[in-house]
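# Geometric and topological summary
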Amino acid sequence: MSNNIEKLKEEIRLKVEEALTKEELEIIRNNYLSKKGEFAKLMASMKDLPNEEKPAFGKLVNEAKTLIELILLDKLSIIKDKLLEEKLNNEKIDITVKGDKFSLGTIHPLNQVIEDLEDFFIAMGYEVKEGPEVELDLYNFEMMNFSEGHPARDMQDTFYVEDKVLLRTHTSPVQARTMLDSKNNPVKIICPGKTYRRDEDDLTHSHQFMQIEGLVIDKNISFANLKDTLLRMVRHLFGEKREIRVRPSYFPFVEPGVEVDVVVNNNDGTKRYIEVLGAGLIHPEVLRMGGYDPKEFSGFAFGIGVERIAMLKYNVEDIRNFYLNDLRFLQQFKGDLS
Ligand code: PHE
């Protein structure tokens, strides 16, 4: 009888050794260890043994069962380890494989000019403001001293959303909004943004373009302060030796009003003058409408043409290049993306 046990043990050991899956182990366990399994049969056959042999035989059977359990458990953990290893191998990331390359964009040249000038003005104590592109006639024209029917309105025709609601023709309405918000306190702001006019597009004009408005209000602001600020800005952009030309001009919201040209030296010794901005001292009527007493406060304002600056700085001849999103054009302006 004990020989039978040994044979059974050996048989099982071999089968377990050959088993490759959890399912196969389960079948072995069922065949040998379940209630109808081979060991149960052995136990049943015990009734035929003489009584004095029964305890020893029972012990042998139980020891064999325990051993088989251990063998099965052992093999199960080997199979599980193997499965895990296979899974890990399949999921392994090969960091030496060449990845997809994402090309990094560049900052648009107009934004490069704006960011550069923001840094410049912030360093001089200015705050950066924003204003709506869909603007009220009230701020775009009325409070900028273009009363209804004023002839200067003709130069700034625009796109109307409703009778008195329009796409702003300049960033100057932010002057009016800022004055009303600042309630008789000194002001020192710039405001970059998009502006619109009903212009025919050509080399130097676009129906949509960008400006940076500047507004300073305080006591005793003079034209010298304005000129100094603008000269510093031009020299920041175009080098310490650059000259400007200041020409009288007319804008209803300043008095006196000027246009500022950057002087460009031609190769043949002659000079060219490129207009880059309008400016002036705030008109007393505009101060009054904004809630300031012109006897106490004075100020200056300027409106920089961002495209003009960018065209000069980067030698761009056709303003429309800025809006076409042609990568061959844009990638020439690497800029600092950090
Ligand atoms: N808003 C004027 C324009 O767009 C420019 C300007 C701004 C002039 C501020 C004077 C003062 O033409």
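Relevant structure appears above.
So, here's what we can say about the structure.

### Examining the sheet that holds strand β2 (residues 134-136)
Spatial ordering of the open sheet is given by β2-β4-β3, a layout of three strands whose pairing is antiparallel. Bordering the open sheet on either side are β2 and β3 (160-162), each of which pairs with just one other strand. This sheet shows a mean twist of 35° between the axes of neighbouring strands, independent of strand direction. With two bridges connecting them, β3 and strand β4 (residues 165-167) associate as antiparallel partners. When the bridges of β4 are listed, Tyr 160 appears paired with Leu 166.

### Digging into the site of the ligand
Every one of the 14 residues lining the ligand counts as a neighbour, but His 170, Ser 172, Arg 197, Gln 211 and Gly 303 are closest to it. The side chain of Gln 211 places a nitrogen or oxygen atom 2.9 Å from an oxygen atom of the ligand. The protein chains hide 94% of the 330 Å² of surface that the ligand would expose on its own. For the shell around the ligand, the elements supplying multiple residues, two or more each, are β6 (208-218), β9 (271-282) and β10 (298-305). When residues of the shell around the ligand are assigned to their parent elements, the largest contribution, three residues, is made by β10. Residues belonging to the shell around the ligand are distributed by class as follows: six nonpolar, six polar and two charged.

### Some thoughts on the environment of Arg 13
Tracing the sequence through the fold places Arg 13 in helix α1 (residues 2-18). Arg 13 sits in the partly exposed class, given a relative accessible area of 34%. Along the primary structure Arg 13 and Asp 202 are separated by 189 residues, whereas in three dimensions their C-alpha atoms are 92 Å apart.

### A look at the side chain of Lys 75
You can see Lys 75 is positioned in helix α4 (residues 54-91). This buried residue, Lys 75, is left without a salt bridge; Glu 17 holds the nearest opposite charge, at 7.4 Å. A polar contact is formed between the side chain of Lys 75 and the backbone oxygen of Val 16, at a distance of 3.1 Å. Those residues in contact with Lys 75 that sit more than four places away from it in its chain are Val 16, Glu 17, Glu 18, Ala 19 and Leu 25.

### Brief notes about the sheet that holds strand β1 (residues 127-128)
Strand order across the open sheet formed by seven strands is β1-β5-β6-β10-β9-β8-β7, with mixed pairing between neighbours. The open sheet has two edge strands with one neighbour each: β1 and β7 (244-249). Note: β6 against β10, eight bridges, orientation antiparallel. Its bridge partner being in β10, Gly 214 is matched across the sheet by Phe 302.

### Comments concerning the nonpolar core
Counting 41 residues, the largest nonpolar core has Phe 121, Met 233, Leu 277, Phe 302 and Ile 304 as its most contacted members. Of all the secondary structure elements, the ones that give two or more residues to this core are α5 (109-123), β6, α8 (223-238), β8 (254-265), β9, β10, α10 (306-314) and α11 (327-330). Counting 24 residues, the second largest nonpolar core, distinct from the first, contains Tyr 139, Ala 176, Cys 191 and Leu 215.

### Topic: the packing of aromatic side chains
Taken as a whole and assessed by the stated rule, the structure comprises 11 aromatic pairs. With a centroid separation of 5.4 Å and 25° between ring planes, the pair formed by Phe 121 and Phe 302 is classed as stacked. In this pair, Phe 121 is assigned in helix α5 and Phe 302 in strand β10, connecting sequence segments 181 residues apart. Taking the relative accessible area as the measure of exposure, Phe 302 reaches 1% and is therefore buried. Look at Phe 251 and Phe 253: their rings are 5.8 Å apart centre to centre, the planes differ by 40°, and that puts the pair in the tilted class. Take Phe 251: its relative accessible area is 18%, and that puts it in the buried class. Its relative accessible area of 6% is what places Phe 253 among the buried residues. Members of the aromatic cluster, each reached through a chain of ring pairs, are Phe 120, Phe 121, Tyr 126, Phe 300 and Phe 302.

### Structural notes on unusual backbone geometry
A cis amide bond links Glu 255 to the next residue, Pro 256, at an omega of 0°. With respect to the helices, strands and loops of the structure, Pro 256 is situated in strand β8. With a phi angle near 60°, Asn 220 is a residue other than glycine that sits in the positive phi range. By the secondary structure assignment, Asn 220 is in the loop between β6 and α8. For Asn 315, which is not a glycine, the phi torsion comes out positive at approximately 60°. Relative to the assigned elements, Asn 315 resides in the loop between α10 and α11.

### Digging into a negative patch on the surface
On the surface, Asp 199, Glu 200, Asp 201 and Asp 202 cluster together into a negatively charged patch. Mapped onto the fold, Asp 201 is located in the loop between β5 (187-196) and β6. Judged by relative accessible area, which is 33%, Asp 201 ranks as partly exposed.

### Quick look at the pairing of β7
Taken together, the six bridges between β7 and β8 define a ladder with antiparallel strand orientation. Within β8, the position partnered with Pro 248 by the bridge is Val 258. Hairpin connection of β7 to β8: four residues between the antiparallel strands.

Basis of the calculations
- Residues numbered from 1 in each chain as written.
- Predicted model: local features only at pLDDT ≥ 70, side-chain atom pairs only at ≥ 80, totals over all residues.
- Heavy atoms only, no water.
- Pairing = 2+ DSSP bridges.
- Helix = DSSP H or I, 4+ residues; strand = E, 2+ residues; numbered from the N terminus.
- Axes fitted to C-alpha atoms, helices over the stretch in contact; angles between N-to-C directions.
- Near = heavy atom within 4 Å.
- Polar contact = N/O pair within 3.5 Å; in protein donor to acceptor, adjacent residues only side chain to side chain.
- Areas by Shrake-Rupley, 256 points an atom, 1.4 Å probe, with all protein chains shown as cover.
- Nonpolar A, V, L, I, M, F, W, Y, C, P; charged D, E, K, R; others polar.
- Buried < 20%, exposed > 50% of the residue type's maximum accessible area, 1.4 Å probe, protein only.
- Lys, Arg positive; Asp, Glu negative; His and termini not counted.
- Salt bridge = Lys/Arg side-chain N within 4 Å of Asp/Glu carboxyl O.
- Contact = heavy atoms within 4.5 Å.
- Core = buried A, V, L, I, M, F, W, Y, C linked by side-chain atoms within 4.5 Å.
- Phe/Tyr/Trp six-rings, centres within 6.5 Å; stacked < 30°, edge-to-face > 60°.
- Patch = residues over 30% accessible without salt bridge, like charges linked within 9 Å, V, L, I, M, F, W, Y side chains within 5 Å.
- Charge placed at Lys NZ, Arg CZ, Asp CG, Glu CD.

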